Amino acid sequence: MRKGKEPVTKSKFLKRLNKKQKIGAIVSATIVLLCMYGLYRMEFNVDVTNTDSFEVAIEEYFFDDNIDVNIVQSDKVGKNLFVLFEREGYKGHYGIASLESGLFGKYRFTNASQSDWPLYNYTFNRDKKYLILYGINDLPRVETYAVYPSDDTSKEPIYQGEAENVPFLRVVKLDNPENYVGVEFVHYYDANGDEIELNQLWDEAPQPDEGRTSSVGTAELGMVYVFIGIVFVLGIIFVRYFITT
């Protein structure tokens, strides 16, 4: 009776490889893994555990502006990190930086902006899942405030609460985020619940120094994963070449 061919197991397949093939495959796989790790670390390279180096990283992120940063407050929500900072040497200038975490404990910037708006300020994170409220000036007559999706106070506010102890940074999760909300849609109320005119609050608030405020953002945040994927595919090709020749 004729016997069929014995199936090639993984162990037998490896035994058939000569030393040159094994070394080539191992070296190729190692180089690919190191390249993938290097690409990832180049993207996620911000160390937030050291305040001094973190402040320098924010300053360098504003590549076209010479600023000195003093981190005031931060809040981590999921993989997002939001940082409130003041600009040293410019009274009334402050900003917010948004970052996201990587796999190895470090972060990358998604965007950052400076402002000299003397009242409460806010922005959204990149995917508009969170509303970030922040400010540095005390507003003595304000007891409560509310953020509306438009300049129509008959609508349900996105957020409402008591006056903040400044400087403050508050992150609010949004169930149904709006496409855009401007600072003019923050409404302020006194102890009697009466709305305070925005112009009055502006006149009463500390006026900022004159100076340029700028915004920066990171484009094509997904490209690092594209490059990592390309390197991974090339790695498969190289390893396959060595084990089949």
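Here the structure is shown first, and the text comes after it.
Keep in mind it's a predicted model, so treat the numbers as computed, not measured.

Caption draft 1: Summary view of the sheet that holds strand β8 (residues 159-162). One open sheet holds the four strands; their spatial order is β8-β7-β10-β11, and the pairing between them is antiparallel. Taken across any chain shown, the strands that pair with only one partner, and hence form the sheet edges, are β8 and β11 (195-196). Relative to β11, strand β10 (residues 186-189) is paired through two bridges, and the arrangement is antiparallel. For Tyr189, the partnering residue across the bridge sits in β11 and is Glu195.

Caption draft 2: Main features of the packing of helix α2 (residues 19-43) against helix α5 (residues 223-244). At a minimum axis separation of 8 Å, α2 and α5 run at an interaxial angle of 175°. On the basis of the axis angle, α2 is roughly antiparallel to α5. Between α2, through Gln21, Gly24, Ala25, Ser28, Ala29, Val32, Cys35, Met36, Leu39, Tyr40 and Glu43, and α5, the contact on the second element is made entirely by Val224, Tyr225, Phe227, Ile228, Val231, Phe232, Gly235, Phe238, Val239, Phe242, Ile243 and Thr244.

Caption draft 3: Local environment of the pattern of salt bridges. Counted by the stated rule, this structure contains eight salt bridges. Note that Glu100 and Arg108 form a salt bridge whose closest N and O atoms lie 2.5 Å from each other. Here the two residues Glu100 and Arg108 agree in accessibility, since each one is buried. Taking the shortest distance from any N to any O, the salt bridge between Glu164 and Arg170 comes out at 2.9 Å. Glu164 sits in the buried class, given a relative accessible area of 8%. Residues joined in a network through salt bridges with shared partners are Glu43, Lys79, Glu100, Arg108 and Arg126.

Caption draft 4: How the structure looks around the side chain of Ser113. The residue Ser113 is located in strand β4 (residues 107-115) in this model. Look at Ser113 and you get buried, because its relative accessible area is 18%.

Caption draft 5: The side chain of Asn125, seen in detail. Along the chain, Asn125 turns up in the loop between β5 (121-124) and β6 (130-135). By relative accessible area, which is 4% here, Asn125 ends up buried. Each residue touching Asn125, except ones within four places of it in the same chain, is listed here: Asn80, Phe82, Tyr130 and Ile132.

Rules used throughout
- Residues numbered from 1 in each chain as written.
- Predicted model: local features only at pLDDT ≥ 70, side-chain atom pairs only at ≥ 80, totals over all residues.
- Heavy atoms only, no water.
- Pairing = 2+ DSSP bridges.
- Helix = DSSP H or I, 4+ residues; strand = E, 2+ residues; numbered from the N terminus.
- Axes fitted to C-alpha atoms, helices over the stretch in contact; angles between N-to-C directions.
- Parallel < 35°, antiparallel > 145°, perpendicular 65-115°, else oblique.
- Contact = heavy atoms within 4.5 Å.
- Salt bridge = Lys/Arg side-chain N within 4 Å of Asp/Glu carboxyl O.
- Buried < 20%, exposed > 50% of the residue type's maximum accessible area, 1.4 Å probe, protein only.

Spatial relationships are all this shows, so hold off on functional conclusions.
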